Structures are given as C-alpha cells and as structure tokens.
Amino acid sequence: MAVLTPSPKTAFVDAAGEPLVGGQLYTYIAGTTTLQATYTDATAATANTNPIILDSRGEASVWLGGAIYKFVLKDADGALIWTVDYISAPTAAVSPVLSGNVTIDSNTSSPALTITQTGTGAALKVQDSADPDITPFLIDATGQVGIGTATPVSALEIASPGVFTGAWAYLPTGTAMMFVQTAAPTGWTKSTTHDNKALRVVSGAASSGGTTGFTSVFTSRTITTANMPSHTHTLTDPGHTHIIAVNNIGTGGGAGAFLGGASTTTTQSGTTGITIANAGSGTAMDFAVQYVDVIIATKD
C-alpha cells in the first residue's frame with residue numbers, strides 16, 4: 001500500500017498568490033477560542049509561538065498533537081483571511097486521526113484489531129483531553145499494561161489509589177476478608193472483634209473459641225512443678241544380705257588362750273538407703289513460633 005507524501009512545510013499565500021510573509025496562524029481547541037499548542041518538530045518537546053509567525057516564504061513548521069484544532073489565519077497586519085475548524089492530522093503515514101465515534105465490525109476468526117509495534121513507543125495509548133496525557137491507559141511496546149500511568153513497570157500496574165471496581169466492587173456488603181496491612185483498604189472496615197488469635201480450618205460452621213491469647217501460648221517458658229500432673233514413682237529394692245566377719249580372739253588368756261581361741265562369722269540382713277533426685281534442669285523451652293499479623297475487614 002502506498003500513501004501520498006504529506007507536505008513537509010505548511011505554506012500560505014495571500015490573495016495575489018504571493019507568500020504570506022509575516023502572516024499569523026492562530027491555533028485553538030476545536031470549536032473554541034482557547035489557544036492550543038502546536039510543535040516545532042515530531043518530538044513535541046518545543047511548542048510553537050501562538051500565533052505562529054510565517055517566515056519569508058510564508059511557511060512554518062507546524063506539528064500537531066493528537067487533539068483536534070481550529071486554525072485562524074491572519075495577515076501581518078492582523079486582518080482575518082480565513083478560519084477552519086475541526087482540523088486533525090495523521091499520527092503516521094497510514095494511520096489518520098479519526099474524530100467522532102469509530103466502530104470496528106468484524107466477523108472473522110482473526111482478531112478484529114491487531115497492533116504491531118516494532119519500535120520502542122507504546123502499542124496503544126488512550127488519553128483524555130490533555131496532550132500528552134501523563135495518566136493514560138497504555139500498553140507499552142513489551143505488552144505491559146498501565147492504568148493511570150504512562151510507564152508501567154510490571155505486567156499490570158494501576159496507579160494509586162488503585163481502587164478496584166467490577167467484580168471486586170460487587171462483593172456483598174459484610175463480606176469478611178483478611179489483609180496483611182494495618183488499616184483496611186478503601187471501601188472496607190477493620191473488624192476489632194478478634195485480636196491475638198490463631199486461625200482454625202473447619203469443614204462445618206465457622207465460629208470462634210478458646211481462652212488464651214496466641215502470644216501467651218506461644219512464648220518462651222520453663223515447665224514448673226505446678227504445670228505437672230499428679231503422678232507416682234515406683235522403686236523396687238530387691239532383698240540382699242550383708243556378710244560381716246567378726247574376730248572373737250580374746251586378749252587376756254595368755255598363750256594357751258590365744259592358741260585355743262576361735263573366730264566366728266556373723267550374718268546380718270539389712271537394707272541400703274536409696275536417694276532419688278526429682279529436680280529438673282529448669283531450662284526454658286522456646287515456643288515463640290514465628291507469625292505474620294493480619295487484619296479482618298468487612299466490605300462496606
């Protein structure tokens with residue numbers, strides 16, 4: 001497909017066909033008397049003066065934004081030559097700017113609209129009357145989507161405050177959800193009914209219970225005697241015998257007595273005392289489990 005080359009310079013002539021030297025071109029928002037900028041080149045970095053003063057050839061570099069314009073041309077003395085309203089320009093050689101309602105009607109298995117971006121600019125940009133709009137709906141060259149931002153940094157970025165609508169907005173009033181944040185999000189109210197509690201998964205009716213706070217149970221502690229249930233210790237001491245040797249030799253009977261003396265062995269039964277220590281080491285056990293705080297909020 002070929003297209004006609006657009007005029008690289010905007011040129012104007014007077015009634016005699018001579019260059020409109022020093023002519024004045026005013027540019028307005030279409031249908032109004034509110035001035036609207038045009039630009040000196042394609043970057044739109046520098047706006048033209050308004051009015052644009054034509055050079056010695058009656059020419060000027062006039063680059064339009066995506067808006068719709070009204071042009072008013074006057075001569076060097078300010079006399080009106082003509083007014084043309086609702087002027088728009090193509091943004092690319094084969095893509096004209098369309099005004100009014102645009103309908104794409106397709107009945108094929110292929111996409112109704114395909115946008116191919118081979119450069120670094122956005123593939124799609126939907127903006128308001130501001131040009132350029134810094135908070136548009138935008139799909140960049142890599143396919144990342146920005147809502148309210150012209151520079152998305154993730155697959156989908158929604159500019160603050162990022163209020164959700166649609167299915168999120170139609171959650172029934174009173175719906176309760178958990179959030180990992182201190183304050184409830186917009187449209188929700190933080191519940192203070194439950195505090196310092198654990199979560200329990202049930203298959204039946206949802207309720208709450210228990211008496212001791214989460215952090216009171218899960219803490220560093222030492223088990224004391226008072227924490228221990230009543231119990232007994234059983235000790236078996238088997239019977240046994242002690243053998244005691246006693247020397248019965250006398251000391252006053254002389255030599256005969258010494259030779260004739262006798263020694264005896266006495267056997268006695270008894271028990272040996274056993275001591276059992278019941279004291280523990282007293283070392284603390286750390287039950288301080290890690291946790292993440294969440295809040296419960298209900299839909300307004």
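All values reported here derive from a predicted model rather than from experimental measurement.

## Focus on the pattern of salt bridges
Turning to step 1, where the next piece is worked out: Here the structure, examined in full by the defined rule, presents 1 salt bridge.
Turning to step 2, where the next piece is worked out: For R57, the salt bridge is made with E59, and the minimal N-O distance between the two is 3.3 Å.
Turning to step 3, where the next piece is worked out: Given the relative accessible area of 14%, E59 is considered buried.

## Remarks on the nonpolar core
Soluble, globular proteins show a tendency: their nonpolar side chains are buried together.
Turning to step 1, where the next piece is worked out: Counting 12 residues, the largest nonpolar core consists of F12, L20, L25, I52, L54, A60, V62, A67, Y69, F71, L73 and I87.
Turning to step 2, where the next piece is worked out: Of all the elements, strand 5 (residues 69-74) adds the most residues to this core, at 3 residues.
Turning to step 3, where the next piece is worked out: Look past the residues within four positions of L54 in its chain and what remains in contact with it is F12, L20, V21, G22, G23, E59, A60 and L73.

## What about the sheet that holds strand 10 (residues 156-158)?
Turning to step 1, where the next piece is worked out: If you walk across this open sheet you meet the 4 strands as 7-8-9-10, and the pairing is mixed. Here the strands that pair on one side only, and so sit at the sheet edges, are strand 7 (124-126) and strand 10. Taking each pair of neighbouring strands and ignoring which way they run, the sheet shows an average axis angle of 5 degrees.
Turning to step 2, where the next piece is worked out: The pairing of strand 8 (residues 137-139) with strand 9 (residues 145-147) spans 3 bridges and is antiparallel.

## So, unusual backbone geometry
Turning to step 1, where the next piece is worked out: Following N50, the chain continues to P51 via a peptide bond in cis, the omega torsion being 20 degrees.
Turning to step 2, where the next piece is worked out: For P51, the position within the fold is in the loop between strand 2 (24-29) and strand 3 (52-53).
Turning to step 3, where the next piece is worked out: For N196, which is not glycine, the phi dihedral falls at a positive 60 degrees.
Turning to step 4, where the next piece is worked out: Within the fold, N196 resides in the loop between strand 12 (188-190) and helix 1 (214-217).
Turning to step 5, where the next piece is worked out: Judged by its relative accessible area of 33%, N196 falls in the partly exposed class.

## Quick look at the packing of aromatic side chains
Turning to step 1, where the next piece is worked out: Following the criterion strictly, the structure yields 6 aromatic pairs and no others.
Turning to step 2, where the next piece is worked out: Here F12 and W82 contribute two aromatic rings whose centre-to-centre distance is 6.0 Å and whose plane-to-plane angle is 45 degrees, an arrangement assigned as tilted. One end of the pair, F12, is in the loop between strand 1 (10-11) and strand 2; the other, W82, is in strand 6 (residues 80-87), and 70 residues separate them in sequence.
Turning to step 3, where the next piece is worked out: Their ring planes at 65 degrees and their centres at 6.3 Å tell us that Y69 and F71 sit as a pair that is edge-to-face. You'll find Y69 and F71 in the same group, each marked buried.
Turning to step 4, where the next piece is worked out: Against the face of Y28 rests K70, its NZ or CZ located 5.3 Å from the ring centre.
Turning to step 5, where the next piece is worked out: Above the plane of the ring of Y26 lies K74, whose end atom (NZ or CZ) is 5.0 Å from the centre.

## Some thoughts on the sheet that holds strand 12
Where strands meet in a sheet, backbone hydrogen bonds hold them as pairs that are either parallel or antiparallel.
Turning to step 1, where the next piece is worked out: Reading across the sheet, the 3 strands line up as 11-17-12 and stay open at both edges, with antiparallel pairing between neighbours. Pairing within the sheet leaves two strands with one partner each, and these edge strands are strand 11 (176-179) and strand 12. The average undirected angle you get between the axes of adjacent strands in this sheet is 40 degrees.
Turning to step 2, where the next piece is worked out: When strand 11 meets strand 17 (residues 295-299), the two strands line up antiparallel, connected through 4 bridges. Bridge pairing links M177 to A297 in strand 17.

## Notes on the environment of I223
Turning to step 1, where the next piece is worked out: Here I223 shows up in the loop between strand 13 (220-221) and strand 14 (241-246).
Turning to step 2, where the next piece is worked out: We classify I223 as partly exposed; its relative accessible area is 45%.
Turning to step 3, where the next piece is worked out: Considering only alpha carbons, one finds I223 and M285, 62 residues apart in sequence, at a separation of 8.1 Å.
Turning to step 4, where the next piece is worked out: Excluding residues within four positions of it along the chain, I223 makes contact with M228 and M285.

## Description of the side chain of Q36
Turning to step 1, where the next piece is worked out: With respect to the helices and strands, Q36 occurs in the loop between strand 2 and strand 3.
Turning to step 2, where the next piece is worked out: Polar contacts involving the side chain of Q36 include one to the main-chain carbonyl oxygen of I68, which spans 3.1 Å.
Turning to step 3, where the next piece is worked out: Once residues lying within four places of it in the same chain are set aside, the contact partners of Q36 are T27, Y28, I29, N50, A67, I68 and Y69.

## Some words on the environment of S160
Turning to step 1, where the next piece is worked out: Along the chain, S160 falls in the loop between strand 10 and strand 11.
Turning to step 2, where the next piece is worked out: We classify S160 as exposed; its relative accessible area is 74%.
Turning to step 3, where the next piece is worked out: Taking C-alpha positions, S160 is 9.4 Å from T149, a pair spaced 11 residues apart along the chain.

Conventions we followed
Each chain carries its own residue numbering, running from 1 in the direction its sequence is written. Local features in a predicted model are, by the rule used here, given only for residues with pLDDT of at least 70; side-chain atom pairs are given and counted only at 80 or more, and totals for whole chains, interfaces and linings are based on all residues. Side-chain measures were taken over the full set of non-hydrogen atoms in the model, leaving aside hydrogen atoms and water. Salt bridge, as applied in this entry: a Lys or Arg side-chain nitrogen positioned within 4 Å of an Asp or Glu carboxyl oxygen. A 1.4 Å probe rolled over the protein chains alone gives each residue an accessible area, and that area as a share of the maximum for its type sets the label: buried under 20%, exposed over 50%, partly exposed in between. Take the buried residues of types Ala, Val, Leu, Ile, Met, Phe, Trp, Tyr and Cys, join any two whose side-chain atoms come within 4.5 Å, and each joined set is a nonpolar core. Numbering of helices and strands runs from the N terminus; a helix is a DSSP stretch of H or I covering at least four residues, while a strand is a stretch of E covering at least two. The contact rule is simple, with two residues in contact once any of their heavy atoms fall within 4.5 Å. At least two DSSP bridges between two strands are required for those strands to pair. Under this scheme, a helix contributes an axis fitted over its contacting stretch, all axes are lines through C-alpha atoms, and angles between N-to-C directions fall in the 0 to 180 degree range. Only the six-membered ring of Trp is used, alongside the rings of Phe and Tyr, when aromatic pairs are assigned; centres must lie within 6.5 Å, and planes under 30 degrees apart are stacked while those over 60 apart are edge-to-face, with the rest tilted. Charge-over-ring contacts are defined here by two conditions on Lys NZ or Arg CZ: a distance within 6 Å of the ring centre and an angle within 35 degrees of the ring normal. Definition of a polar contact: a pair of N or O atoms within 3.5 Å, with one able to donate and the other able to accept a hydrogen when the atoms are protein atoms, and with sequence-neighbouring residues admitted only if both atoms are side-chain atoms.

Interpretation in functional terms is not warranted from these geometric data alone.
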